[in-house]
Amino acid sequence: MAGSVNKVIIVGNLGADPEIRQTKDGRPIANLSVATSENWKDRNTGERREKTEWHRVVIFNEGLCRVVEQYLKKGSKVYIEGQLQTRKWQDQNGNDKYTTEIVLQGFNSTLTMLDGRSGGGGNYDRNDNAMSDQSRSSGGSSYELDDDIPF
């Protein structure tokens, strides 16, 4: 059995349009800002409260970067599986800074669009270069889903 596990799963909405950059050798890198929120009722006042956490997501997988570039935009709802990584960098004054990000690269990385028909909803992972519908990603037969079901 493995001595440790580094796996992050979040479901949230993009807070801005994705940023796509290129490495020096031409490989794409996608940067996402994803918000997750929790809601509750304050016991003392009875008011609804909300807390939002912001997550930095970096995608190094070329196929996933293409999906992000073509289908995701501010407000898109996504399911993301990746790993936490902290990187050290220096600001303009030479001070050490640290950034913790959810990284999707290699195996065990998944991006699923949850917006349905208008958002292009589909499931992508490190092996997919094309969208698969939910039935195929769950091992069933492939067929067109009807998004007009009223529940």
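Being a predicted model, the structure only gives us computed values, none of them experimental.

Definitions and limits used
- Residues numbered from 1 in each chain as written.
- Predicted model: local features only at pLDDT ≥ 70, side-chain atom pairs only at ≥ 80, totals over all residues.
- Heavy atoms only, no water.
- Helix = DSSP H or I, 4+ residues; strand = E, 2+ residues; numbered from the N terminus.
- Buried < 20%, exposed > 50% of the residue type's maximum accessible area, 1.4 Å probe, protein only.
- Contact = heavy atoms within 4.5 Å.
- Areas by Shrake-Rupley, 256 points an atom, 1.4 Å probe, with all protein chains shown as cover.
- Salt bridge = Lys/Arg side-chain N within 4 Å of Asp/Glu carboxyl O.
- Polar contact = N/O pair within 3.5 Å; in protein donor to acceptor, adjacent residues only side chain to side chain.
- pLDDT = per-residue confidence, 0-100.
- Core = buried A, V, L, I, M, F, W, Y, C linked by side-chain atoms within 4.5 Å.
- Pairing = 2+ DSSP bridges.

## What to know about the overall build of the protein
Part 1 of the argument: Helices and strands together make up the secondary structure of the protein, namely two helices and eight strands.
Part 2 of the argument: Reading the protein from its N end, one meets helices and strands in the order β-β-β-β-α-β-β-β-β-α.
Part 3 of the argument: Residues counted as buried form 32% of the 151 residues belonging to the protein.
Part 4 of the argument: Restricting to contacts in the protein with at least 6 residues of sequence separation, those with at least 24 account for 50%.
Part 5 of the argument: For the protein, the exposed surface amounts to about 10,400 Å²; the carbon and sulfur share of it is 45%.

## Points about the pattern of salt bridges
Part 1 of the argument: Counted by the stated rule, this structure contains ten salt bridges.
Part 2 of the argument: The salt bridge partner of Glu19 is Arg21, with a shortest N-O separation of 3.4 Å.
Part 3 of the argument: Overall, the relative accessible area of 40% leaves Arg21 in the partly exposed class.
Part 4 of the argument: Across the salt bridge formed by Asp42 and Arg49, the nearest N and O atoms sit 3.5 Å from each other.
Part 5 of the argument: On the accessibility criterion, Asp42 (18% relative accessible area) is buried.
Part 6 of the argument: Here Arg49 falls in the partly exposed class, since its relative accessible area comes to 34%.
Part 7 of the argument: In the salt-bridge network here, residues are joined through shared partners; they are Arg56, Arg87 and Glu101.

## With respect to helix H1 (residues 62-71)
Part 1 of the argument: Of the positions making up H1, those classed as buried are Gly63, Leu64, Cys65, Val67 and Val68.
Part 2 of the argument: With a side-chain oxygen lying 2.9 Å from the backbone nitrogen of Gly63, the N-terminal cap of H1 falls on Asn61.

## What about the confidence of the model for the protein?
Part 1 of the argument: Model confidence for the protein is summarised by a mean pLDDT of 82, while 75% of its residues fall at 70 or above.
Part 2 of the argument: Of all secondary-structure elements in the protein, the lowest mean pLDDT belongs to helix H2 (residues 134-137), at 31, while strand E1 (residues 8-14) reaches the highest, 97.
Part 3 of the argument: Of the regions scoring below 50 in pLDDT, residues 126-147 engages in 37 contacts with residues more than four places distant in sequence or in other chains.

## A look at the nonpolar core
Part 1 of the argument: Grouped together as the largest cluster of nonpolar side chains are 19 residues, with contacts concentrated most on Leu32, Val34, Val57, Ile59, Ile80, Leu104 and Leu111.
Part 2 of the argument: When contributions to this core are tallied by element, the ones reaching two or more residues are E1, strand E3 (28-41), strand E4 (48-59), H1, strand E5 (77-90), strand E6 (96-104) and strand E7 (110-113).
Part 3 of the argument: Ranked by residues supplied to this core, first place goes to H1 with four residues.
Part 4 of the argument: Excluding residues within four positions of it along the chain, Leu104 makes contact with Val57, Val58, Ile59, Phe60, Asn61, Leu64, Ile80, Glu81, Gly82, Ser109, Thr110 and Leu111.

## Focus: the side chain of Asn31
Part 1 of the argument: With respect to the helices and strands, Asn31 occurs in strand E3.
Part 2 of the argument: Every residue in contact with Asn31, bar those within four places of it in the chain, is listed here: Pro18, Glu19, Arg21, Val57 and Val58.

## Some words on the pairing of E6
Part 1 of the argument: As paired strands, E4 and E6 are joined by three bridges and run parallel to one another. Of the residues in E6, the one forming a bridge with Val57 is Ile102.
Part 2 of the argument: Of the pairings in the sheet, the one linking E5 to E6 comprises eight bridges and is antiparallel in character. When the sheet's bridge partners are listed, Thr86 is paired in E6 with Thr100.
Part 3 of the argument: Hairpin connection from E5 to E6: five residues lie between these consecutive antiparallel strands, with Gly94 at a positive phi of about 85°.

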